[in-house]
Amino acid sequence: MDFYEKWLEYDYNPWILFDASGKVVTLNQEAQFLFAEVTPQEIFELAVSYANQSYGFKTTMMDLEYGKYGFFGIMVGYEDNDAIAIRLYQKPPERIAEPHIKELAAHNIYTLIDLAVSTNSINRQHGFTTLLDPSLPEIKIDPEHFVSLLTQMFGCFEDTAPIAISLSLKTGETLKFEGRRYPIFQLSAKGDLKEECPLKQLKQIANRLNGYVNKKSGQLTLEAPLIMD
């Protein structure tokens, strides 16, 4: 790669070039990560919708959120009818201000999930279903914040159907802080999501767990580090 290609490849902002049919021609590293949260077709449609009416480049300021990624604007450009490119300007990620690993004790995550489910089942007619990866070890986590977060997540769902809970290890990504990288576990709750959900408050609690929460397609997902030592 020449210098220009390397600049695009390692840019913090996702950049994608599509052909006229919406097929990805080329993209940078950040765009590959983004496509774990959103389909190329959605980004292509976004590019076409905000493209200049005539050939050229157009920047539009807007708030976009795809999973854990947030953006404050896009630039779309094309010079002919054969290809169109888009660059998404990424907001700074939510930082874990004060990781508090040393003060944490190890806990059985299944016991904590069961506690949250049992407590919240009292006032729910339709209850819960669970699909939990049984292989996770005991992890260092704040039990009070964890159960509190789950309780508030469950409160974001209407009592019209069971809340489906799933727990798994996320592959291909890690969280890094204090000079170390940790595997990520995902805990998702899916159901009839209410229109109003205190996502900002959920994210604040998740931050105390050294993780984050995102909302997508009727589902709330906590992603946090699997800290064992």
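Every value quoted in this text rests on a predicted model; they were computed, and no experiment measured them.

### Observations concerning the overall build of the protein
So, step 1. Secondary structure summary: the protein contains six helices and 12 strands in total.
So, step 2. Principal axes of the C-alpha set define a box for the protein whose edges measure 60 × 45 × 30 Å.
So, step 3. Of all 229 residues assigned to the protein, the portion counted as buried reaches 42%.
So, step 4. Here the contacts in the protein between residues at least 6 apart in sequence split such that 63% fall between residues at least 24 apart.
So, step 5. Of the roughly 12700 Å² that the protein leaves accessible, carbon and sulfur atoms contribute 51%.
So, step 6. Across the protein, the 21 positively charged side chains and the 31 negatively charged ones have centroids separated by 4 Å.

### A few points about the packing of aromatic side chains
So, step 1. In the structure shown here, the tally under the stated rule is six aromatic pairs.
So, step 2. Plain terms: the ring middles of Phe 3 and Trp 7 are 5.8 Å apart, the flat faces sit at 55° to each other, and that makes the pair tilted. Highlighted residues: Phe 3 and Trp 7, both in helix H1 (residues 3–9), separated by four residues, approximately one helical turn. When sorted by exposure, Phe 3 lands in the same class as Trp 7, which is exposed.

### Focus on the pattern of salt bridges
So, step 1. By the definition in use, this model includes five salt bridges.
So, step 2. The salt bridge involving Glu 65 is made with Lys 203; its shortest N-O contact spans 3.8 Å. With Glu 65 in strand E3 (residues 56–66) and Lys 203 in helix H6 (residues 199–208), this pair connects stretches of sequence that are 138 residues apart.
So, step 3. Arg 124 is the salt-bridge partner of Asp 159, the closest N and O atoms lying 3.6 Å from each other. Here Asp 159 is found in the loop between helix H5 (143–154) and strand E9 (163–177), whereas its partner Arg 124 is found in the loop between helix H4 (109–121) and strand E7 (128–132), with 35 residues between them in sequence.

### Concerning the sheet that holds strand E5 (residues 83–90)
So, step 1. The sheet built from five strands is open, its strands ordered E2-E1-E5-E4-E3 with antiparallel pairing. A strand with exactly one partner marks an edge of an open sheet, and here the two such strands are strand E2 (24–27) and E3. Averaged over neighbouring strand pairs, the angle between their axes works out to 20° when direction is ignored.
So, step 2. Bridge analysis of E3 against strand E4 (residues 69–78) gives nine bridges, and the strand direction is antiparallel. Across the sheet, Leu 64 pairs through a bridge with Phe 71, a residue of E4.
So, step 3. Those strands touched by helix H3 (residues 40–49) are strand E1 (15–19), E2, E3, E4 and E5, and its axis lies near 100° from that of E5.

### Thoughts on empty space enclosed by the protein
So, step 1. Under the criterion given, the structure shown has one cavity of 30 Å³ or more.
So, step 2. Taken as a whole, the largest cavity holds about 50 Å³ of empty space.
So, step 3. Considering the residues around the largest cavity, the lining is formed by 10 residues, among which Leu 104, Lys 140, Ile 141, Leu 209 and Asn 210 are closest to the centre.
So, step 4. Among the residues making up the lining of the largest cavity, the classes are represented as five nonpolar, two polar and three charged.

Criteria and thresholds
- Residues numbered from 1 in each chain as written.
- Predicted model: local features only at pLDDT ≥ 70, side-chain atom pairs only at ≥ 80, totals over all residues.
- Heavy atoms only, no water.
- Helix = DSSP H or I, 4+ residues; strand = E, 2+ residues; numbered from the N terminus.
- Buried < 20%, exposed > 50% of the residue type's maximum accessible area, 1.4 Å probe, protein only.
- Contact = heavy atoms within 4.5 Å.
- Areas by Shrake-Rupley, 256 points an atom, 1.4 Å probe, with all protein chains shown as cover.
- Lys, Arg positive; Asp, Glu negative; His and termini not counted.
- Charge placed at Lys NZ, Arg CZ, Asp CG, Glu CD.
- Phe/Tyr/Trp six-rings, centres within 6.5 Å; stacked < 30°, edge-to-face > 60°.
- Salt bridge = Lys/Arg side-chain N within 4 Å of Asp/Glu carboxyl O.
- Pairing = 2+ DSSP bridges.
- Axes fitted to C-alpha atoms, helices over the stretch in contact; angles between N-to-C directions.
- 1 Å grid on protein atoms, 1.4 Å probe; cavity = no way out; pocket = protein on both sides within 12 Å on 5 of 7 lines; lining within 4 Å.
- Points joined across faces, edges and corners; volume = space filled by probe spheres on them.
- Nonpolar A, V, L, I, M, F, W, Y, C, P; charged D, E, K, R; others polar.

Everything listed here is a matter of geometry and, on its own, says nothing about what the molecule does.
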